[in-house]
Amino acid sequence: MTQYLPILILFIIAGGFAVTNIGLSAILGRRKPTAEKLSPYECGIDPVGSARERFSVKFYLIAMFFVLFDVEVIFLYPWAVAFKSLKLFGFIEMLIFIGILLVCYLYLWKRGGLEWD
């Protein structure tokens, strides 16, 4: 367990640094709230409409599709690193994996899941 002592010390130093900085900013920081500082900021433009506006379900579906395909594509990196050791079996397995991704993508495209109305 003594091998983990430097890591524990590092965590204690990092945690102490974070707590110290937050505490110092709360104690020493200036507090002059103005209307401009308290207003919501949206890309340098005054906000239009309510912040409680409902988003279309389509927005969330496209976001989920992006995350789904992005996470699946992340699996290509370890495969590429171990490509030489996997030989033909690894290549065929990756072809099957990419084929499944392609079928899912074509299904989404055909059903209009990627259309933004």
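Every value quoted in this text rests on a predicted model; they were computed, and no experiment measured them.

Caption draft 1: Molecular detail of the overall build of the protein. Scanning the protein for helices and strands turns up five helices and zero strands. Listing every helix and strand of the protein by position from the N terminus yields α-α-α-α-α. Taking 13 Å as the expected radius of gyration for a compact globule of 117 residues, we find that the protein reaches 25 Å, considerably beyond that expectation. Based on the C-alpha atoms only, the size of the protein along its principal axes is roughly 65 × 60 × 20 Å. Put simply, the protein has 117 residues, and 7% of those count as buried. For the protein, the accessible surface area stands at approximately 11100 Å², while carbon and sulfur atoms represent 72% of it. Charged side chains in the protein number 11 positive and 9 negative. The centres of these two groups are separated by 8 Å.

Caption draft 2: Inspection of the UniProt feature "transmembrane region" (unreviewed entry) in the protein at higher detail. In the numbering adopted here, UniProt assigns the feature "transmembrane region" (unreviewed entry) to residues 6-28, 59-82 and 88-108. For the annotated span residues 6-28, helix accounts for 100% and strand for 0% of the residues, and the straight-line distance between the end C-alpha atoms is 32 Å. The annotated region residues 59-82 carries 92% helix and 0% strand content, and the separation between its end C-alpha atoms amounts to 36 Å.

Caption draft 3: Structural view of a nonpolar patch on the surface. A cluster of nonpolar side chains, F83, L88, F91, I92, L95, I96 and I100, forms an exposed patch at the surface whose accessible area comes to about 650 Å². The residue F91 is located in helix 5 (residues 83-111) in this model.

Caption draft 4: Summary view of the packing of helix 3 (residues 57-74) against helix 5. Interhelical geometry of helix 3 versus helix 5 gives an angle of 165° and a closest axis separation of 11 Å. Relative to helix 5, the element helix 3 lies roughly antiparallel. Of the two elements, helix 3 crosses helix 5, and the hand of that crossing is left-handed. Touching F65, F69 and E72 of helix 3 are F97, L101, C104, Y105 and L108, all from helix 5. Split by residue class, the contact of helix 3 with helix 5 holds seven nonpolar, no polar and one charged.

Caption draft 5: Inspection of the packing of aromatic side chains at higher detail. One pass over the full model with this rule turns up six aromatic pairs. By way of ring pairs, the aromatic residues F69, Y105 and W109 are connected into one cluster.

Caption draft 6: Quick peek at unusual backbone geometry. With phi around 60°, K87 is a residue other than glycine that occupies positive phi space. Topologically, K87 is positioned in helix 5. Under the relative-accessibility criterion, K87 is labelled exposed at 60%.

Caption draft 7: Quick peek at the confidence of the model for the protein. Averaged over all residues, the pLDDT of the protein equals 86, while 95% of them reach at least 70. Element-level mean pLDDT values for the protein span from 80 in helix 2 (residues 35-38) up to 96 in helix 1 (residues 5-28).

Caption draft 8: Here's a closer look at helix 5. Counted at 1.5 Å a residue, the expected span for helix 5 with its 29 residues is 42 Å, but the 35 Å between its end C-alpha atoms falls short. The largest bend in helix 5 is about 75°, located at F89. For helix 5, the set of buried residues is G90, M94, L101 and L108. Looking at the residues trailing helix 5, positive phi occurs at G112, about 85°.

Quick notes on the rules
Residue numbers run consecutively from 1 along every chain, following the written order of its sequence. The model is predicted, so local features are restricted to residues of pLDDT at least 70 and side-chain atom pairs to those at 80 or more, both for listing and for counting; the totals for chains, interfaces and linings are taken over all residues. To obtain the side-chain values, all non-hydrogen atoms of the structure were included, while hydrogens and water were left out. Here a strand is any run of E in DSSP of at least two residues, a helix any run of H or I of at least four, and the numbering for each starts at the N terminus. The atom set for the radius of gyration is the C-alpha atoms, and the globule formula is 2.2 Å times the number of residues raised to the power 0.38. The classification of residues rests on relative accessible area computed with a 1.4 Å probe and restricted to protein chains. Under 20% of the type maximum is buried, over 50% is exposed, and intermediate values are partly exposed. The accessible surface values rely on the Shrake-Rupley method and a 1.4 Å probe; as for residues, cover is taken only from the protein chains in view. Note that His is not counted, nor are the chain ends; the positive residues are Lys and Arg, and the negative ones are Asp and Glu. For this purpose, a charge sits on NZ of Lys, CZ of Arg, CG of Asp or CD of Glu. UniProt positions are given in the numbering used here, feature names are shortened, and annotations may be inferred rather than shown by experiment. Nonpolar side chains (Val, Leu, Ile, Met, Phe, Trp, Tyr) within 5 Å and like charges within 9 Å form the patches, drawn only from residues with over 30% relative accessible area and no salt bridge. Salt bridges are defined by distance alone: a side-chain nitrogen of Lys or Arg within 4 Å of a carboxyl oxygen of Asp or Glu. Under this scheme, a helix contributes an axis fitted over its contacting stretch, all axes are lines through C-alpha atoms, and angles between N-to-C directions fall in the 0 to 180 degree range. Just so you know how the angles are binned, under 35 degrees is roughly parallel, over 145 roughly antiparallel, 65 to 115 roughly perpendicular, and the rest oblique. Crossings are sorted by hand: turned counterclockwise from the far helix by less than a right angle, the near helix makes the crossing left-handed, and turned clockwise it makes it right-handed. We call two residues in contact whenever any of their non-hydrogen atoms come within 4.5 Å of each other. Each residue receives one of three labels: charged for Asp, Glu, Lys and Arg, nonpolar for Ala, Val, Leu, Ile, Met, Phe, Trp, Tyr, Cys and Pro, and polar for the others, Gly being one of them. Any two rings among Phe, Tyr and Trp, with Trp reduced to its six-membered ring, count as a pair given centres within 6.5 Å; such a pair is stacked if its planes are under 30 degrees apart, edge-to-face if over 60, and tilted if neither. Predictor confidence is given residue by residue as pLDDT, running from a minimum of 0 to a maximum of 100. Multiplying one less than the number of residues by 1.5 Å gives the expected span of a helix. At every residue, the bend is computed as the angle between two fitted axes, covering the seven residues ending there and the seven beginning there respectively.

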